[in-house]
Every structure is written in structure tokens, then in C-alpha cells.
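Per-entry structural report
Listed here are the chains, written in short residue letters.
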Amino acid sequence: AKGSGRSTYAFYSQDLTNQARQRVELGTALRQALEQRQLVAYYQPVHCLRDGRIIGFEALVRWDHPDHGLISPAAFIPAAEESGLISSIDRWMLQQACRQIRGWLDSGRSLDFVAVNISSRLFTRGELDLHVSQVLAESRLEPGYLMLEITESAVMEDADAAMIILDRLRELGVRLAIDDFGTGYSSLARLKRMRVHKLKIDQGFVRGLPHDPENAAITRSVIGLAHNLGLSVVAEGVETAEQAAFLLEEGCDLGQGFGFGRPCAPERIEWDLERMH
Ligand code: C2E
Ligand code: CA
Ligand code: CA
Ligand code: CA
């Protein structure tokens, strides 16, 4: 029994070594991908739930791999976080998004914002405000067009430090959203002191709407909480007209999801699509 236990352990640790090696290899490939411009920014529309208009977009990274095609961030963000490359990816996405906003404005499009995801690495690293203001200046962009999404868990990891970083960013004039709200453990007192502009309800809560009574209750209370603090609310993962109707009924401001539009390359955005079908 001892012997077999040992060999199980040997297989197990061998497996872990392989996994670790794969992650290192993925990290290396990803660094090359960034240098060789294989990363692309996709944009998913964020709609006003009342009239269906596009209000803004969320920028989402994709890896356009020469052999494997389009790779979703779920497959490479963990390796990017581990290797620290996520900060470079996020800074590159910030630059792409600002250039894209500049391009849209110059061609006469009207939009409120483009949201960019900020990893907890980049958020806590310092000098984010400096980098953001450089990128804005490079695209001659008013800061209010840029929204930064920081996850609830990144913000609550060290709430006192986060507060200082958020204050600096807010003073720059960019807008701030707490992403995946409801999955972390915010205290209400802290949330109030954060003074962000938006909460994004995690798609895990939207999924069961309107029939799942618990998700309905959570969604309702997040909307109420946000409005009481003067924040607007974005629901993510809105796939059906029924979900959109429920969210509108509950007073949710904005919706984002496959029911409105999938993330896509900027030239493929359907600007005039007004209603969910
Ligand atoms: P997230 O920030 O919560 O982004 C929302 C994810 O939900 C996106 O997945 C989006 O495509 C997906 N989604 C949108 N609508 C629907 C829907 O109706 N149904 C379903 N099932 N899914 C929907 P995506 O693009 O695969 O990104 C996954 C995650 O990867 C993001 O989650 C975010 O955490 C991370 N990510 C993506 N781009 C970046 C980036 O540039 N920087 C960082 N740090 N993270 C990123
Ligand atoms: Ca996000
Ligand atoms: Ca989210
Ligand atoms: Ca998420």
C-alpha cells in the first residue's frame, strides 16, 4: 500500500510539474504574441435598458493565434497574471481603447465611454494614474470617456490602499466601475467611501433571472444599493429579452450581453441595432 501511495504521489507531482511547465511556456508565447501584435481588442456594446441605445463599450482582449485562431482570455489570462505580463496587456488595451474612442469621435460617432479591465496587478502596482494620463494625452481624449473596471475582489483585497488609488484616478477625471459585483465581500461602509461611478452585476446573478428567486433578490438589492449610493448599474450576461425586461422593471440602468451583442472587432459593430430580438 505504501508503494502504491508513493507512485500515486510521483504521478501527481509529475503532473503538477507538467502543468507548471505549460504555464511557463504559455507565458513565453504570450510575450511574443504581444510583441508580434497578435493580441486584438474586441468591443462589446453596453446598452441603455430603457431605449436600447448603445451607450458605451467594454474592451475585451483576444489572442489571434496564427495556428489556433482566436483564443479567449479565459485560456491565457491566468498565465498572464502569473507571469506578470497581464500589466503589459492591460496597458496595451488601455492604449488601444483610447485610440479607438478617438477614432469613433473623429468619425462622428457618439458614445459615453469605453470600459477597460484593470487587473489587480496593474491596479496595485503604482503609477497607474500616470500611465492613464499619458495614454489619454496621446489620444487627445477627455478623461470622462474612459471607464476603468476593477473587480470587487481586487478592490477589497486591501481596501485602504485601493481607496488611495481610486481617489487619484477619480481626480484625473476617468470613470470607475466595480466589476463582478456581488462575488466579493464589500462592506457597505467601504463601498460608500470608494466613491466609484458604476457597479457591474456579475453575470452569475443575471443567469437565472427572472425565475431564480435568490438571484432575483440579489439583483434587486444590488440595484437598490447602487442607486442609494448614487451609482449606476450595469447588468452583465444579459442573454434574453425576459432578463432585460426584468432588469428594466427593477430599475437597472444598463445592460450588456449576447442578447444585445457579442464582443466583436470594431469594424463589425452594429451601431443602429436598437432592440433585442
Ligand atoms: P469580465 O470582465 O467579467 O467580462 C465579461 C465576460 O463575459 C466577457 O468574456 C464577455 O465576452 C462575456 N459575456 C458577455 N456577455 C455575455 C453573455 O451574454 N453570456 C455569456 N455567457 N458571457 C457573456 P471574455 O471576453 O471571454 O473575458 C473573460 C474575462 O477575461 C473577463 O471577464 C475579464 O475578467 C478577463 N479579461 C478580458 N479582457 C481583459 C483585459 O484586457 N484585461 C484583463 N485584466 N482582463 C481581461
Ligand atoms: Ca469587465
Ligand atoms: Ca464582469
Ligand atoms: Ca467575470
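Now for a look at the structure at hand. The structure presented is a predicted model; accordingly, all values stated were derived computationally and were not measured.

**Topic: the pattern of salt bridges**
For the structure shown, the criterion picks out 8 salt bridges. Residue Glu138 is joined to Arg99 by a salt bridge in which the shortest nitrogen-to-oxygen separation is 3.2 Å. Here Glu138, found in helix 5 (residues 128–138), pairs with Arg99, found in helix 3 (residues 86–106); they are 39 residues apart in sequence, far enough to count as distant. Put simply, Glu250 and Arg220 hold a salt bridge, and the shortest N to O gap is 3.1 Å. Remark: Arg220 occurs in helix 10 (residues 213–228) and Glu250 occurs in the loop between helix 11 (241–249) and strand 9 (254–255); sequence separation between them is 30 residues. Residue Arg220 is classed as partly exposed on the basis of its relative accessible area, which comes to 41%. Each of Glu58, Glu149, Lys200 and Glu236 takes part in one network of salt bridges that share partners.

**Considering the site of ligand 1**
Taken together, the neighbourhood of ligand 1 is formed by 22 residues, with Arg62, Asp90, Gln203, Glu239 and Phe258 sitting nearest. At 3.0 Å from a nitrogen atom of ligand 1 is found a side-chain nitrogen or oxygen belonging to Gln44. Here an oxygen atom of ligand 1 sits 2.8 Å away from a polar atom, N or O, in the side chain of Arg62. Calculation on ligand 1 without its partners gives an accessible area of 800 Å², and the protein chains cover 81% of this total. For the shell around ligand 1, the secondary structure elements donating two or more residues are strand 2 (54–65), helix 2 (73–83), helix 3 and strand 6 (175–181).

**Here's the deal with the side chain of Gln100**
When you line up the elements, Gln100 lands in helix 3. We classify Gln100 as buried; its relative accessible area is 19%. Not counting residues up to four positions away in its chain, the partners in contact with Gln100 are Tyr43 and Pro266.

**Re the packing of helix 3 against helix 5**
Closest axis-to-axis distance for the helix 3/helix 5 pair is 9 Å, and the angle between their directions is 30°. Here helix 3 is positioned roughly parallel relative to helix 5, judged by the angle of their axes. Helix 5 is crossed by helix 3, and the crossing has right-handed handedness. Contacts between helix 3 and helix 5 involve Arg91, Leu94, Gln95, Cys98 and Arg99 on the former and, on the latter, Leu128, His131, Val132, Val135, Leu136 and Glu138.

**Things to note about the coordination of the calcium ion (ligand 3)**
Around the calcium ion (ligand 3), the protein supplies Asp179 (OD), Asp180 (OD), Glu236 (OE) and Glu236 (OE) as donor atoms, at distances of 2.2 to 2.5 Å. In terms of primary sequence, the donors binding the calcium ion (ligand 3) are separated according to D-D-x55-E. In this structure, the calcium ion (ligand 3) lies 3.8 Å from the calcium ion (ligand 2), and both are coordinated by Asp179. Of the two residues, Asp180 sits in strand 6 while Glu236 sits in the loop between strand 8 (232–235) and helix 11, which places them 56 residues apart along the sequence.

**Structural notes on the side chain of Gln256**
Mapped onto the elements of the fold, Gln256 is located in the segment after strand 9. Overall, Gln256 belongs to the buried group, its relative accessible area being 2%. A polar atom in the side chain of Gln256 sits 2.9 Å from the side chain of Gln44. Setting aside anything within four residues of it in sequence, one finds Gln256 in contact with Gln44, Pro45, Val46, Glu58, Lys200, Val234, Ala235, Glu236, Gly237 and Val238.

**Section: the packing of helix 5 against helix 7 (residues 159–172)**
Viewed as axis vectors pointing N to C, helix 5 and helix 7 meet at an angle of 20°, and their least axial separation amounts to 9 Å. If you check the angle between helix 5 and helix 7, you find them roughly parallel. At the point where helix 5 passes helix 7, the crossing takes the right-handed sense. Residues Leu128, Asp129, Val132 and Ser133 of helix 5 form the contact with helix 7, whose own contacting residues are Arg168, Leu169 and Leu172. Considering only residue class, the contact of helix 5 with helix 7 consists of 4 nonpolar, 1 polar and 2 charged.

Thresholds, definitions, all that
- Residues numbered from 1 in each chain as written.
- Chains lettered and ligands numbered in written order.
- Predicted model: local features only at pLDDT ≥ 70, side-chain atom pairs only at ≥ 80, totals over all residues.
- Heavy atoms only, no water.
- Salt bridge = Lys/Arg side-chain N within 4 Å of Asp/Glu carboxyl O.
- Helix = DSSP H or I, 4+ residues; strand = E, 2+ residues; numbered from the N terminus.
- Buried < 20%, exposed > 50% of the residue type's maximum accessible area, 1.4 Å probe, protein only.
- Near = heavy atom within 4 Å.
- Polar contact = N/O pair within 3.5 Å; in protein donor to acceptor, adjacent residues only side chain to side chain.
- Areas by Shrake-Rupley, 256 points an atom, 1.4 Å probe, with all protein chains shown as cover.
- Contact = heavy atoms within 4.5 Å.
- Axes fitted to C-alpha atoms, helices over the stretch in contact; angles between N-to-C directions.
- Parallel < 35°, antiparallel > 145°, perpendicular 65-115°, else oblique.
- Left-handed = near helix turned anticlockwise from the far one by under 90°.
- Donors = N, O, S within 2.8 Å, 3.2 Å for Na, K, Ca; no water.
- Nonpolar A, V, L, I, M, F, W, Y, C, P; charged D, E, K, R; others polar.

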